[in-house]
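Structural description and commentary
Each chain, letter by letter, is given below.
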Amino acid sequence: MKHVFDKLFESRVWRSIFRHGLPTSNRTRAEAVFYNFFLHVHPTKVRKRSIRYTYTWGLGGLSVGLFIVLTVTGALLMLYYRPSVQQAYWDMKDLQFVVSSGQFLRNMHRWAAHAMVAVVFLHMLRVFYTSSYRPPKEFNWVIGVFLLVITVLLSYTGYLLPWDQLSFWGISVGTNMVRAMPCGFGEKISFLLLGGNIVGENALIRFYVLHCFIIPVVAMVLMGIHFWRVRKDGGV
Ligand code: HEM
């Protein structure tokens, strides 16, 4: 067995991925992080206190985990859902009562969405109470605020898609609140969001595209910047 491992570690393929041996000094440790594709997301140095579980509570990581669960279950839901006024409600019913494990899939997506809003908020509280918004991390705090808004918008746009009474009235109330903004701005934003003055076919397709494409892409770009800053600002 040892022979097999030795052969593997000395092979060209292995050495083209892992370009260093086991680190033995601070210098080789830093090199390991710089040169390895999988390790490069880690900061080269972190403070001992900040890698304690009770410092981060794993909340940032949990937020990413939930986002991945939402992306996978969301992609599967897209296979069964058609965003039209005639189909949307019945597609959700079919998903629950006809598609095998459909109810489970829908519930996973829904609960992960609720959990993500709560976990991202708790992560923000953790960052606040450990004063991690202070320089040099103030830029990442601002990116975080955008991520919180994006998380809420993802949840809100998904709310309309089942096209039931709760969805319809939830979005009607929400967009009427937007409409109440002064100087005619509200009217314009609400019109743009709904594609008209009522919650109908245009609103459904707009919310669908926002929920399944535009907002997730913005979230991924912002998360990329967020993780890059976590690394550059010296870890957590
Ligand atoms: C989709 C939402 C978010 C994701 C996926 C996310 C992910 C992460 C991860 C993985 C970390 C490193 C580990 C940890 O601290 O737990 C982190 C750190 C950080 N996050 Fe977030 N985050 C999100 C939202 C936010 C929000 C809403 C804020 C604040 C308004 C924020 C501010 C920060 C800051 C300042 C750090 C650095 C913390 C430190 O150095 O102690 N993040 N984030």
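As a reminder, the structure under discussion sits directly above these lines.
I will try to describe carefully the structure that is included in this document. (Residues numbered from 1 in each chain as written. Predicted model: local features only at pLDDT ≥ 70, side-chain atom pairs only at ≥ 80, totals over all residues. Heavy atoms only, no water.)

1. Some remarks on the coordination of the iron atom of the ligand
In this structure, His 123 (NE2) and His 226 (NE2) serve as the protein donors to the iron atom of the ligand, at separations of 2.1 Å. Given six donor atoms and angles of 86 to 179 degrees at the metal, the environment of the iron atom of the ligand is assigned as octahedral. Of this pair, His 123 sits in helix 7 (residues 102-129) while His 226 sits in helix 11 (residues 201-232); the two residues are 103 residues apart in sequence, bridging distant segments of the chain. For His 123, a relative accessible area of 19% corresponds to the buried category. (Donors = N, O, S within 2.8 Å, 3.2 Å for Na, K, Ca; no water. Tetrahedral: all angles 85-135°; square planar, octahedral: opposite > 155°, others 65-115°. Helix = DSSP H or I, 4+ residues; strand = E, 2+ residues; numbered from the N terminus. Buried < 20%, exposed > 50% of the residue type's maximum accessible area, 1.4 Å probe, protein only.)

2. Here we look at the environment of Arg 179
Secondary-structure assignment places Arg 179 in helix 9 (residues 165-179). You can call Arg 179 partly exposed: its relative accessible area is 22%. It is 41 Å that separates the C-alpha atoms of Arg 179 and Asp 233, two residues lying 54 residues apart in sequence. Among residues more than four places away in sequence, those in contact with Arg 179 are Gly 186, Glu 187, Ser 190, Leu 194 and Asn 197. (Contact = heavy atoms within 4.5 Å.)

3. Topic: helix 11
In this model helix 11 runs 45 Å from its N-terminal to its C-terminal C-alpha over 32 residues, within 8% of the 46 Å that 1.5 Å per residue would give. Leu 210 marks where helix 11 bends most, by close to 45 degrees. Trailing helix 11 by a residue or two, Gly 234 shows a phi angle of about 90 degrees, which is positive. (Expected span 1.5 Å × (residues − 1). Bend = angle between axes of the 7 residues up to and from the residue.)

4. Side note on the site of the ligand
Around the ligand sit 26 residues in total, of which His 123, Arg 126, Ser 132, Lys 137 and His 226 are the nearest. His 123 is positioned such that a nitrogen or oxygen atom in its side chain is 2.8 Å from a nitrogen atom of the ligand. Taking Ser 132, its side chain carries an N or O atom lying 2.8 Å from an oxygen atom of the ligand. Elements with a contribution of two residues or more to the shell around the ligand: helix 4 (53-56), helix 5 (59-78), helix 7, helix 8 (138-160) and helix 11. Looking at the shell around the ligand residue by residue, the classes come out as 14 nonpolar, 10 polar and two charged. (Near = heavy atom within 4 Å. Polar contact = N/O pair within 3.5 Å; in protein donor to acceptor, adjacent residues only side chain to side chain. Nonpolar A, V, L, I, M, F, W, Y, C, P; charged D, E, K, R; others polar.)

5. Describing the packing of aromatic side chains
One pass over the full model with this rule turns up 11 aromatic pairs. Taking 5.3 Å as the distance between ring centres and 80 degrees as the angle between the ring planes, the aromatic pair formed by Phe 128 and Tyr 129 counts as edge-to-face. A relative accessible area of 41% places Phe 128 in the partly exposed class. Judged by centre distance (5.8 Å) and plane angle (65 degrees), the ring pair of Tyr 133 and Trp 141 falls under edge-to-face. Judged by its relative accessible area of 30%, Tyr 133 falls in the partly exposed class. In this structure Trp 141 comes out as partly exposed when scored by relative accessible area, which is 25%. A network of ring pairs unites the aromatic residues Phe 128, Tyr 129, Tyr 133 and Trp 141 as a single cluster. Between the NZ or CZ atom of Arg 229 and the centre of the ring of Trp 228, over which it lies, the distance is 4.7 Å. (Phe/Tyr/Trp six-rings, centres within 6.5 Å; stacked < 30°, edge-to-face > 60°. Lys NZ or Arg CZ within 6 Å of the ring centre and 35° of its normal.)

Interpretation note: all reported values are geometric properties and have no functional meaning in isolation.
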